[in-house]
Amino acid sequence: QVQLVESGGGLVQPGGSLRLSCEASGNIFIIYTMGWYRQAPGKQRELVASVTSAHTTNYADSVKGRFTASRDDAKNTVYLQMNSLKPDDTAEYYCYAYMIQNGRIGPADFWGQGTQVTVSS
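A. Here's a closer look at the pattern of salt bridges. Scanning all chains against the criterion turns up five salt bridges. Measuring nitrogen to oxygen at the nearest pair gives 3.1 Å for the salt bridge that ties Asp 61 to Lys 64. The salt bridge partner of Arg 66 is Asp 89, with a shortest N-O separation of 2.8 Å. Remark: Asp 89 occurs in the loop between strand E8 (77-82) and strand E9 (91-101) and Arg 66 occurs in the loop between strand E6 (57-59) and strand E7 (67-72); sequence separation between them is 23 residues.

B. Up close: the packing of aromatic side chains. Under the defined criterion, the tally for this structure stands at four aromatic pairs. Ring geometry for Tyr 32 against Tyr 98: centres 6.1 Å apart, planes inclined by 45°, an arrangement best described as tilted. Of this pair, Tyr 32 sits in strand E4 (residues 28-39) while Tyr 98 sits in strand E9, and the two are 66 residues apart along the sequence. Through successive ring pairs, a cluster of aromatic residues spans Tyr 37, Tyr 96 and Trp 111. Stacked on the ring of Tyr 79, the Lys or Arg Arg 19 has its end atom at 4.1 Å from the ring centre. In this structure, Arg 45 packs its charged tip against the face of Trp 111, placed 4.9 Å from the ring centre.

What counts as what
- Residues numbered from 1 in each chain as written.
- Predicted model: local features only at pLDDT ≥ 70, side-chain atom pairs only at ≥ 80, totals over all residues.
- Heavy atoms only, no water.
- Salt bridge = Lys/Arg side-chain N within 4 Å of Asp/Glu carboxyl O.
- Helix = DSSP H or I, 4+ residues; strand = E, 2+ residues; numbered from the N terminus.
- Phe/Tyr/Trp six-rings, centres within 6.5 Å; stacked < 30°, edge-to-face > 60°.
- Lys NZ or Arg CZ within 6 Å of the ring centre and 35° of its normal.

This is how it looks when you write it as structure tokens:
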């Protein structure tokens, strides 16, 4: 069993900041990529940011320069520092991890339960 537990969402005013965290735990052999997706009401889920095992990052164009993704491999945790937040950033944010479990051969995706981020005055 693998669990991804997110924290750090909430309500923030435009221009404000939030930091999301997501810790993976359980039957983990190796984690390749960790990252964040988001889904706003009536819209498709979109990739926000990802961090590879080499700590290479990738960002959606809409968040470049404002969001920073990082990970702590010792804690199996990925972070998303969100600055200069806009109302368009309002969404449910989901973390994911692409990993291999102990005793398994191939990698698979695992998802957190989601955390709501609301940007509003």
